[in-house]
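Letter by letter, the chains look like this.
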Amino acid sequence: MKWDKISQIADNVVSGKTSATELVTKSLNLLKDAKEYNSVIASLEESALKRAKEIDDKIANKEHVGRLAGVPFIAKDNFLVFGADTTAASNILKGFEAPYQATVINKLETEGAICIAKANLDAFGHGGSTENSDFGPSLNPVDKSKVPGGSSGGSAVAVVLDIVPFALGTDTGGSSRQPASFSGCVGYKPSYGLMSRSGIVAMASSTDTVGLLTKSSEDLALLLEIMSGKDPLDSTTIEPQDNYSEVKPVDVSKLKIGVIKQYMSSGVADNVRSAIEQSLANLKKLGATVEEVGMPSLDYSVPAYYIIVPAEISSNLSRYDGQRFGYSSQSAENLDSSYISSRSDGFGKEPTRRILIGTYVLTSGYYEAYYRKAQLARTKIINQFNDAFNTYDFLIGPTAPTTAFKFGDKTDPLQMYLADSLTVGSSLAGIPAISLPLIDKPSPDNMPVGLQIMSRQNQDKQLIQFAEQIEKEIQI
Amino acid sequence: MINKQIIDQYSVAIGIECHVQLKTVSKLFAAVDNDARDAEPNSLISHICFGLPGALPVLNEKAIELACRASFALNTKPAKFSTFDRKHYFYPDLPMGYQITQFYNPIIIGGSVEIITEKGPKKIGITRAHLEADAGKSSHPSGADYSLVDLNRAGTPLLEIVSEPDITSPTEARQYAHELFLLMKYAGVSDADLYHGNMRFDVNVSVSKTDELGTRTETKNLNSFRSVEKAAQYEINRQIELLEKGQAIDQETRGWDEAKQKTTSQRGKEHAHDYRYMPDPDIPPVELDQTFVKQIEDTMPLLPGQWRQFLDSIQLDQSQIEILLESEVLSENYSYLELLSNNKAESKLVKQIANWMVNVEIPLRRDNDSELQDDLTARNTIYRTTAELYNSKKLSSSNAKLLLTELLSNSNGLVENIEKYAEEQGLLQLSDDNQIKTIVDNVIAQNPQAVADVKAGEQKAIGFLVGQVMKESKGQANPSVAKELLNESLGL
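Residues numbered from 1 in each chain as written. Chains lettered and ligands numbered in written order. Predicted model: local features only at pLDDT ≥ 70, side-chain atom pairs only at ≥ 80, totals over all residues.

Visitor: Describe the overall build of chain B, and please don't skip the residues or the numbers.
Guide: Regarding its fold elements, chain B presents 16 helices and 16 strands. With the principal axes as the frame, chain B shows a C-alpha extent of 95 × 55 × 50 Å. By the burial criterion, 41% of the 492 residues in chain B qualify as buried. (Helix = DSSP H or I, 4+ residues; strand = E, 2+ residues; numbered from the N terminus. Buried ≥ 20, exposed ≤ 12 C-beta atoms within 10 Å, placed from the backbone.)

Visitor: So, the overall build of chain A: which residues are in play, and what are the values?
Guide: A count of helices and strands for chain A gives 15 helices and 11 strands. Over its C-alpha atoms chain A spans a radius of gyration of 21 Å, differing by no more than 12% from the 23 Å that the globule rule assigns to 476 residues. Counting every position in chain A, which comprises 476 residues, the buried fraction comes to 60%. Sequence-distant contacts, at least 24 apart, represent 76% of the contacts inside chain A between residues at least 6 apart. (Rg over C-alpha atoms; globule rule 2.2 N^0.38 Å. Contact = placed C-beta atoms within 7 Å.)

Visitor: Outline the interface of chain A and chain B, listing residues and values.
Guide: Between chain A and chain B, the contact holds 32 residues from the first and 23 residues from the second. Of all the elements in the fold, those that place two or more residues in the side of chain A that touches chain B are helix 9 (301-316) and helix 11 (349-362) of chain A. Considering every element that reaches the side of chain A that touches chain B, the biggest residue donor is helix 9 of chain A, with three residues. Of the residues contributing to the side of chain A that touches chain B, the split by class is 13 nonpolar, 13 polar and six charged. (Nonpolar A, V, L, I, M, F, W, Y, C, P; charged D, E, K, R; others polar.)

Visitor: Now, about the pairing of strand 10 (residues 157-163) of chain B: what can you tell me, with residues and values included?
Guide: Residue and element names in this part refer to chain B. In terms of burial, strand 10 is largely enclosed, as five of its seven residues are buried. Relative to strand 10, strand 1 (residues 11-21) runs antiparallel, the two sharing five bridges. Along strand 10, the bridge assignment pairs His 19 with Glu 160. Judged from the seven bridges that link them, strand 7 (residues 120-133) and strand 10 form a sheet pairing that is antiparallel. Counterpart to Leu 131 in the pairing with strand 10 is Leu 159. (Pairing = 2+ DSSP bridges.)

Visitor: Tell me about the sheet that holds strand 7 (residues 256-260) of chain A, and please be specific about residues and values.
Guide: Residue and element names in this part refer to chain A. The strand order across the open sheet formed by 11 strands is 1-3-2-4-6-5-10-11-9-7-8, and the pairing between neighbours is mixed. Of all strands in the sheet, those bounded by a partner on one side alone are strand 1 (40-43) and strand 8 (289-293). Between one strand axis and the next, the sheet turns by 25 degrees as a mean value, whatever way the strands run. Bridge count between strand 2 (residues 72-76) and strand 4 (residues 166-171): three bridges; the pairing is parallel. Looking at the pairing, Ala 75 lines up with Leu 168 of strand 4. Relative to the sheet, helix 3 (residues 45-60) contacts strand 1 and strand 3 (114-119), its axis offset from that of strand 3 by approximately 165 degrees. Helix 5 (residues 153-160) rests against strand 1, strand 2, strand 3, strand 4, strand 5 (186-189) and strand 6 (209-214) of the sheet, and its axis sits at about 155 degrees to strand 4. (Axes fitted to C-alpha atoms, helices over the stretch in contact; angles between N-to-C directions.)

Visitor: Talk me through the domain arrangement of chain B; I want residue IDs and the actual numbers.
Guide: When the domains of chain B are assigned, the result is domain 1 (4-287), domain 2 (302-424) and domain 3 (433-489). For domain 2 of chain B and domain 3 of chain B, the distance between their C-alpha centroids amounts to 35 Å. (Domains from an automatic or database assignment.)

Visitor: How would you sum up helix 10 (residues 335-346) of chain A? Please name residues and give values.
Guide: All names here are of chain A. The end-to-end C-alpha distance of helix 10, which contains 12 residues, comes to 16 Å, matching closely the 16 Å that a straight helix rising 1.5 Å per residue would cover. Those residues of helix 10 lying buried are Ser 342, Arg 343 and Gly 346. All buried residues of helix 10 lie within an arc of 90 degrees about the axis, which places them on one face of the element. Within helix 10, the exposed residues directed more than 90 degrees away from the buried face are Asp 336, Ser 337 and Ser 344. (Expected span 1.5 Å × (residues − 1). Arc of directions from axis to C-beta.)

Visitor: Tell me about the packing of helix 2 (residues 61-73) of chain B against helix 5 (residues 290-298) of chain B, and name the residues and values.
Guide: Residue and element names in this part refer to chain B. The geometry of helix 2 relative to helix 5 is characterised by a closest axis approach of 10 Å and an angle of 55 degrees between their N-to-C directions. On the basis of the axis angle, helix 2 is oblique to helix 5. Between helix 2 and helix 5 lies a crossing of right-handed hand. For the pair formed by helix 2 and helix 5, the contact residues are Glu 65, Cys 68, Arg 69 and Phe 72 on the first element and Val 293, Ile 296 and Glu 297 on the second. Here the contact of helix 2 with helix 5 is built from residues that sort into four nonpolar, no polar and three charged. (Parallel < 35°, antiparallel > 145°, perpendicular 65-115°, else oblique. Left-handed = near helix turned anticlockwise from the far one by under 90°.)

Visitor: Please set out unusual backbone geometry residue by residue, giving values where relevant.
Guide: Geometrically, the link from Gly 150 of chain A to Ser 151 of chain A is a cis peptide bond, its omega value of 10 degrees lying close to zero. In this structure, Ser 151 of chain A sits in the loop between strand 3 and helix 5. We note that Thr 130 of chain A has phi near 65 degrees; this positive angle belongs to a residue other than glycine. Tracing the sequence through the fold places Thr 130 of chain A in the loop between strand 3 and helix 5. If you check the backbone angles, Asn 221 of chain B has positive phi at about 65 degrees while not being a glycine.

Structure, rendered in structure tokens:
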């Protein structure tokens, strides 16, 4: 069965049409039924039912329960949440129980939302298919022989399968948008700093954001209103805009939309390009000015991203050393061998590869040659986005160059990295981006395609309102 | 031992890195108590100090303020723009696997510290000073097959002050270290408690017969001014000896063995770490608001150099000045300099008080600090009243000191009527001519032989008569007044 809009679900709980316990039980049952998709690593059955009862009791006592009363959700397993281990899908964190919760989890709980499970991911967020999970991959909800995308694959699967009305992902270089595109739901990466990173297992601090996977843009708006804001525990958080969930129709005929030339080039599969072109034609029909815009700096986004991000990864993963928490090698005979075996055994192939790349580019002598140059390229990319937004209200392109691929198709890590080619640019620039599922399914393989829309930094509200308008006028 | 002639052929260059622990209430990047002195191991830690997944550092603004104060103490201004970087290495007392420091853009660039050498004042250049978070503490119980880690200190804010190699002798090295101590203390940057490791010095020493600097060694973690001087001296001698034997100096890290009074090799250059410095993406750059900086500059307390000028202007000698400056920092509860400063309009009085401070109060506090009068107003009254009694000759010099000792030792009260108290204690001397005249007349009457001797020109006899007057007055007569009256009565 389909879920109502999130605000409607909460209203139904508060008005007694349904109960938190009923909703949580329903989600948990759906999760069990969908076990073969391996969308989650751990269920929070016990704590979720307990919280549901608390909320139902509050409602019975006519106490305030918040705007997400009884709404079940799933959090990617790199969010620190009470009630189950937080593993980030890596063996090195197996058995780690969070002693504190992520700020955004606390914010959702304050409004009455209930986390029912921890979603599968590529370990530490490293990947675009969930094949790098130490807990096995998740399956694409449309075609089980294909990947669901990643790294927030489990979260996307859970939303597309209607297990929960929304799921939390993270997006460092496309990790929420790309699985949304592959699996067929809305995937959103906010402006950098709009939602707190505190209590989320860090991948690359300068591009890490919370990601949201939902059924609609309207749901996004409500969640953003609740989850955004400056956090004293994260000094990179920014002041949000007001009133994200304000309903305001957008006059599409007044919009200037830039189609990024580099995002419609030969690297993009025909079926994806034609799906996007169809949407662009629809936008034109509504009166929007749609023009091609060349952004040559974006050619450097993948190389720059795969220097900066591994550098930060190598640094952020230093704390997993087997000395204080998580996996610790029992065969080690001294400190050095404890470090070496704990990390060698605990980290999978892809985290190890990224640690090595990152360590290399930060090594004295290579720092200037790689890291510094990548940062310069990043500045050029930011400037190019700013220039483009001086002309265009929104920039558009596909979310991913292909539709979901088959398991094992991309064994070469470089091929896998190119799957991020259309999402890493906005991550480096820190601007908001959304992936909308094109539900008219024009692609011959019948797989979902995502339309990516980007807006200026901290104009998430305008972006989401435009996305809502598209959902109304084009998709539905 | 090498003879002095050979030593004199070498020039010495010493640079000092000093880690100063800032006196913030909480740690540099976590809202956790920064004072670990009496705390149980690992009781002052949070998810940030422990390096848990998802923990993010949040900069303590107080540390920035203290760094700004330090910059003014170092005779410069804070950098308008500074950033934090990560310095990577693996060790159990470094939970995140990196130390947060300021490698690329430190908060202080340039500056100087003036020391007073035998040849007069000398400026030691400051290269830079940067903020960083301290590591935890590892201990290795002897015989045990484990080590212990205490993370209470992990994240304590440090300011690392790096000098130019402008220091040219072990004495200067000690003076520089000591002057830094005074500066940090006066500027309110640090408690500068060396016993608790609030200041740690790394001394870089090289010697050379040419204009070029020689290969340097770094002796790390010195925690006293004496060990700074001794380690520098030891390294100079060791390096010259090696060079004279035709051997090369290894660029290396050395440690100071306090028991054996020598430096020992700890880590060679070949083991030098590649720290893979990287800008810390969790901490936005610090862009200082210039109004904030101005406010700090305007509220800076007087620094040792300024106090020296003042104390010099009231004609105290060098050693008294240094004693006062040093004593000032020993307690937070009382101040010598403020009291002197409050009386600076009366230069004769203030000099008298300063003398008493050096000769009475400071030695007194050395023995029993806790029970003494700390209140500034009370001490001011004590000093001023004693000075008045002394200047009006009601107190002898030695009784003035006795009275001060009594009054300062009594922490509660005794400032209401000091003169009455002095009288009760029999400390006042008789300066009333009439009273002394009566005694003088008695003494003359009772000592005809001595009177005759005086009249015959025997000067010694007048001393005897003065002594008799003092005896009769039970020591309370002012001896000079007594002598004057005796002479007058005897018609001399």
